[in-house]
Amino acid sequence: MIYLRLFAAFAKVGLLGFGGGLAIVRLIYDSIQPFMSMSREMFANIVAISQITPGPLAVNTATYVGYIAAGIGGAAVATLGVVLPEFIIMSIVVRMITRFK
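These numbers come from a predicted model, not from an experiment. (Residues numbered from 1 in each chain as written. Predicted model: local features only at pLDDT ≥ 70, side-chain atom pairs only at ≥ 80, totals over all residues. Heavy atoms only, no water.)

1. Some details on the overall build of the protein chain
This is how the line gets drawn: Secondary structure follows DSSP: runs of H or I at least 4 residues long count as helices, runs of E at least 2 residues long count as strands, and numbering of each begins at the N terminus. Note on classification: 1.4 Å probe, protein chains only; a residue is buried when its accessible area is under 20% of the maximum for its type, exposed when over 50%, partly exposed between these limits. In what follows, a contact means two residues having at least one pair of non-hydrogen atoms within 4.5 Å.
If you tally the helices and strands in the protein chain, you get four helices and zero strands. Secondary structure elements in the protein chain, listed N-terminal to C-terminal, are α-α-α-α. For the protein chain, the spread of C-alpha atoms along the three principal axes comes to 50 × 30 × 20 Å. Residues classed as buried in the protein chain amount to 34% of the 101 residues present. Restricting the contact set of the protein chain to residue pairs at least 6 apart, pairs at least 24 apart contribute 51%.

2. Looking at a nonpolar patch on the surface
As a reminder, the rule being used: Patches here are clusters of residues that have more than 30% relative accessible area and form no salt bridge, with a 9 Å joining cutoff for like charges and a 5 Å cutoff for nonpolar side chains (Val, Leu, Ile, Met, Phe, Trp, Tyr). Each accessible area is a Shrake-Rupley result for a 1.4 Å probe, and residues are judged covered by the shown protein chains and nothing else. Whenever Lys or Arg places a side-chain nitrogen within 4 Å of a carboxyl oxygen from Asp or Glu, that contact is recorded as a salt bridge.
The grouping of Leu15, Leu16, Ile89, Met90, Val93, Val94 and Ile97 at the surface amounts to a nonpolar patch, some 620 Å² of accessible area in total. Looking at the nonpolar patch, the elements with two or more residues in it are α1 (2-16) and α4 (57-99). Here the nonpolar patch gets five residues from one element, more than from any other, and that element is α4. Among the structural elements, Val94 can be located in helix α4. Judged by relative accessible area, Val94 falls into the partly exposed class, the value being 45%.

3. As for the nonpolar core
Cut-off, in case you're wondering: For the purposes of this section, nonpolar cores are sets of buried Ala, Val, Leu, Ile, Met, Phe, Trp, Tyr and Cys residues that join through side-chain atoms within 4.5 Å.
Formed by 22 residues in total, the largest nonpolar core has its most connected members in Phe10, Ile28, Ile32, Met38, Phe43 and Val65. Elements supplying a minimum of two residues to this core: α1, α2 (25-32), α3 (40-52) and α4. Residue contributions to this core peak at seven residues, all from α4. Beyond its immediate chain neighbours, meaning those up to four positions away, Met38 contacts Tyr29, Ile32, Gln33, Phe43, Ile46 and Val65.

4. Digging into the packing of α1 against α4
In a packed pair of helices, the relevant descriptors are the angle between the two axes and the axis-to-axis distance. To keep it simple, the criterion reads: Between N-to-C directions, angles cover 0 to 180 degrees, with each direction set by a line fitted to C-alpha atoms, over the stretch in contact for helices. In this scheme, roughly parallel covers angles under 35 degrees and roughly antiparallel covers those over 145, while 65 to 115 is roughly perpendicular and the rest are oblique. Helix crossings fall into two classes, left-handed where the near helix is turned counterclockwise from the far one by less than a right angle and right-handed where it is turned clockwise. Think of it as three bins: nonpolar holds Ala, Val, Leu, Ile, Met, Phe, Trp, Tyr, Cys and Pro, charged holds Asp, Glu, Lys and Arg, and polar takes everything else, Gly as well.
The contact between α1 and α4 brings their axes to 7 Å, and the two run at 40°. Here α1 lies oblique to α4, going by the angle between them. Regarding α1 and α4, the two cross each other, and that crossing is right-handed. Split by residue class, the contact of α1 with α4 holds 19 nonpolar, five polar and one charged.

5. Side note on the side chain of Asn60
Tracing the backbone shows Asn60 in helix α4. Looking at Asn60, the relative accessible area reads 16%, which means it is buried. Sequence-distant contacts of Asn60, defined by excluding residues within four places in its chain, comprise Ser50, Thr53, Pro54 and Gly55.

Structure below.
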């Protein structure tokens, strides 16, 4: 059950989050509050850690929050949730571009 909620929360972030990592920090924070109570200070620390590690902020934050919530499986599910919507959208766009080239 926690895996499905993690996936849904981060899929929403992946689908609706535009403007880069710092622009969607509030969306990420609001998305995780229903199933995981986290203080603003702890979330700020997660964002700071996500910024100094290589990779996109949303992916790093999803991985870290998923790991805190449900271990390694939670990290994998949250990361997949944030990446999958963009992958599907880009696959559709690329297919349309090659078709109408």
